[in-house]
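Here is what each chain is made of, one letter per residue.
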Amino acid sequence: MITAKTAKRRENKTERIARVGKLARGKFVAPEKVPEVLRRIVEPGDILCLEGDNQKQADFLANQLATLGKKDLRDIHLVMSCITLPAHIELFRKGMIKQVDFCYAGPQGTAVADLVKAKKFPVGAIHTYNELFARFYVDLTPRVALVAAAQADRKGNLYLAANTEDTPAVVEPTAFSDGIVFAQVNEIVDRIPHIDIPADQVDFIVQAPYPMHLQALFTRDPAAITEVQVLMAMVALRGIYEKYEVQSLNHGVGFNTAAIELLLPTYGERLGLKGKICKHWVVNPLPTMIPAIETGWVESVFAFGGEVGMERYTAARSDVFFTGRDGGFHSNRPMGQLAGLYGIDMFIGASLQIDINGNSSTVSKNRITGYGGAPNMGCQPTGRRHPSKSWLKAGAEANPGPGTSPGRKLVVQMVETFQAGRVPTFVEELDAHEPSIRKALHGVTPVMIYGDDVTHIVTEEGIANLAACRSVAERQAAIRAVAGYTPVGLKRKKRETEDLRARGIVQLPEDVGVRPSEASRSLLATQDIKGLVRWSNGLYDPPSQFVDW
Amino acid sequence: MTGAILFHEQTARQRIASLVDLHSFAELLPPPERLTSPYLAQLGIPVSFDDGVVIGRARIGGKKIYLAAQVGQFVGGAVGEIHGAKLTGLFKAAARDKVPCVLIVESGGVRLHEGSSGEIAIAETMRAIFECRALKVPTIAVIATDIGAYGGIGILSTCCDFRVMTEHGRLGISGPIVIEKWMGKKAYDSANRALVWKTSGGKTKYLLGDADALVHDTADAVRDGISKFLGKSSAVSLASIKARQKELEKRLKKFGATSEPDAVWKGMGVRDIEAASLASGPEFAALAKRGK
């Protein structure tokens, strides 16, 4: 064994574990002892990672942590991907947190905005996923990590099941820097299906009294897809997918892209695009992809996380999905994000607000949601060197000058001109510029995707090819041209729009061969969740809130 | 696996157009006549020029019918004075002319803004339906959407000779939220969609004999379902009512204590619950030995 000259960090870990003493039997802690164990292993000033992923949550450990008060634990530097649970918010209300670095706060966006207003939310920064994971290895290495796994064996090896998500990215930097890894598991068994985290990286394990919280985030009921969304999907298929021959891609989680997935086996087939586009996907196992998979469109899918109800289907389609030897679904958020950054031709997703320069944001004055992974995928990675047909074609349109990359990733924003409640999507200035938000974020305006990175905006009015614009003024005119009846859209000038249309920078549905009257829900491969179950030959088990049979 | 718009997603006018023989529909009291609810106008609520129901003459397979389709998008298809009067008149005309009458139902019952006149109108329409039945003029209700047939329209639907349903259709008197409010969430969880459809959905109603045909969710299937009943009628006699009453008593004894909808399905002859849950229309009917 190599002995370090200074091993203060290791000694400190030994002290912490010694303090736990008989509260644990080996690595195993009884549920009722968890609060006291947490009090003894966490020290003031610690960087503490509480695993809260996009989908799975170390909710039992979070709830136990929230039973403690400021006198037990204080000055915590909290690092976590997603602020999701009421227990997370509780830690701030109790004043236990001195700084937080995170990525996303979707479900608690309103609570976070309230905490910011009350000055009880000391943000270091809001990150994208891979930024935060990167910093785990640089200056935000956790001293203690509280994580969630599906199963542990008696030695302490962990099995993560379909939702691997962030766990390896949290455990590795912690375990290899003398930090403490504490895992909650759904069950302790003699033999786990496969080892995701080896036992020697795990210090404590508790079998939680209830299974970890797992959010079904990516289930989109085809019944809720509107005909406007079908129209936009048709326009995108012809004007972008077909035009650039997009081979590899990421889809957002909205209904717009769900419509595209359900059009592939029908409209896409009719256009003769099968085998020509959409072969390799970096997405979660979206139930709405089942018809495209069943009709042979999809060659591979790599995922950031799992999706509730897709376990049996993905096991049966291990030729498409990544699975363990046991057939169990495998996901990995940092690797998925990396794949989405460098490996794909196109990112396409929706947004709540887009300004006249093409910057987008999901922040409003009363809701701070953060970023998640969209900016990693919705950006131009200047480190990319490998070409693809789509990358070169989009690059040529963008007319790169000397000293820039010859290619471009397609970064597509697909939005209706109005959100629910007739709130315009297109605005002159983003709500994200709100001074109190910028101040809390140390001067950074929380922009999801920068206009410079966006290549196309698709609305029900048509397509604006921002990459082909030659000036800021031209880009603004192109955005106004597809912004419909929003105040931004009403400022468009007919002559400018016609000029852009003549140059192919703005394309209306008819310019890409789509007749709006054709846009019908009957084009979707299925109109409801039950249809997806049928397409899966009964292998998809939708969550109960989607079942009406 | 794609084709026409599903029946339950169509509007009332689309449903009519896709059901009847080409160009055979002649609307009575059409929107240009602007018969609107005086009560909604007084309350400052938007009105509709058809008051939420489209009525007229048409042909199906060459046979003359009277036809009404309720508009679920307009105050949930609820029945007010004008809406109700249009229905009453249509069934009276059917009795007078001895022409079968079909009602495409999509209504939660009486419109609360004009409750009394709505109630009276529904009662008068039921009387007109029984006039038809006494004359052996077929009356058929089609229930094919999740708005379904509830309240007074639930009762009215069961007064017709026959009911054609799809798995999306729901039939009852009190709606799920009302039941939950009165009985408690423990007794009936209205958010449990599977429970709601297994108690009031088309399949269960077919098993229990409240629906006479269970068809696929397409206009073609609904049209076929209607056609089969156009030449028939079911007599209302003391004997038939007594027989039905006996049947209901027997069923109450058998299922009165059960809280598990699957047990009712099993008791009504469904062997493979999972397969039956996924099946629709005739496939479901084939899996269930109704009434055994």
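In this report, the structure presented in the accompanying data block is examined.

Parameters at a glance
- Residues numbered from 1 in each chain as written.
- Chains lettered and ligands numbered in written order.
- Predicted model: local features only at pLDDT ≥ 70, side-chain atom pairs only at ≥ 80, totals over all residues.
- Contact = placed C-beta atoms within 7 Å.
- Helix = DSSP H or I, 4+ residues; strand = E, 2+ residues; numbered from the N terminus.
- Nonpolar A, V, L, I, M, F, W, Y, C, P; charged D, E, K, R; others polar.
- Expected span 1.5 Å × (residues − 1).
- Buried ≥ 20, exposed ≤ 12 C-beta atoms within 10 Å, placed from the backbone.
- Arc of directions from axis to C-beta.
- Core = buried A, V, L, I, M, F, W, Y, C linked by C-beta atoms within 7 Å.
- Domains from an automatic or database assignment.
- Pairing = 2+ DSSP bridges.

1. As for the interface of chain A and chain B
Thought 1: Listed per partner, the contact involves 16 residues of chain A and 12 residues of chain B.
Thought 2: With three residues, helix H19 (residues 529-535) of chain A is the single largest residue contributor to the side of chain A that touches chain B.
Thought 3: Counted by class, the side of chain A that touches chain B contains five nonpolar, seven polar and four charged residues.

2. Focus: helix H4 (residues 115-134) of chain B
Note: α-helices contain 3.6 residues per turn, so residues at a spacing of three or four share the same orientation.
Residue and element names in this part refer to chain B.
Thought 1: For H4, built from 20 residues, the straight-helix expectation of 28 Å at 1.5 Å per residue is met to within 8% by its first-to-last C-alpha distance of 29 Å.
Thought 2: Restricting attention to buried positions, one finds in H4 the residues Ser117, Gly118, Ala121, Ile122, Thr125, Ala128, Ile129 and Cys132. Buried residues of H4 fall within an arc of 135° about the axis and therefore sit on the same side. With respect to the buried face of H4, the exposed residues turned more than 90 degrees away are Ser116 and Ala134.
Thought 3: Those residues of H4 that are buried lie in contact with helix H3 (81-97), strand S4 (101-105), strand S5 (139-143) and helix H5 (151-159).
Thought 4: Phi for Lys136, located one or two positions after H4, is positive at around 60°.

3. Some words on the environment of Leu65 of chain A
Thought 1: Residue placement: Leu65 of chain A occurs in helix H3 (residues 59-67).
Thought 2: For the pair Leu65 of chain A and Glu36 of chain A, spaced 29 residues apart in the sequence, the C-alpha separation amounts to 9.5 Å.

4. Quick notes on the nonpolar core
Thought 1: Membership of the largest hydrophobic core comes to 179 residues, with the highest contact counts inside it found for Ala149, Ala183 and Leu263 of chain A.
Thought 2: Ranked by residue count, the leading element in this core is helix H8 (residues 227-244) of chain A, at 11 residues.
Thought 3: Inspection of this core shows a minimum of three residues originating in each of domain 1 (13-214) and domain 2 (222-529) of chain A.
Thought 4: Setting aside its immediate chain neighbours within four residues, Ala149 of chain A contacts Leu158, Tyr159, Leu160, Thr167, Ala183, Val185 and Ile197 of chain A.
Thought 5: The next biggest cluster of nonpolar side chains, apart from the first, holds 72 residues, and it includes Val75, Ala78, Leu214 and Val270 of chain B.

5. Things to note about the sheet that holds strand S18 (residues 360-361) of chain A
All names here are of chain A.
Thought 1: As summarised here, the arrangement of the three strands in space is S18-S17-S22, forming an open sheet in which the pairing is mixed. Each edge of the open sheet carries a strand with a single partner, namely S18 and strand S22 (426-427).
Thought 2: Looking at chain direction, strand S17 (residues 353-355) and S22 are connected through two bridges and run parallel. The residue bridging Ile354 from the neighbouring strand is Phe426, located in S22.

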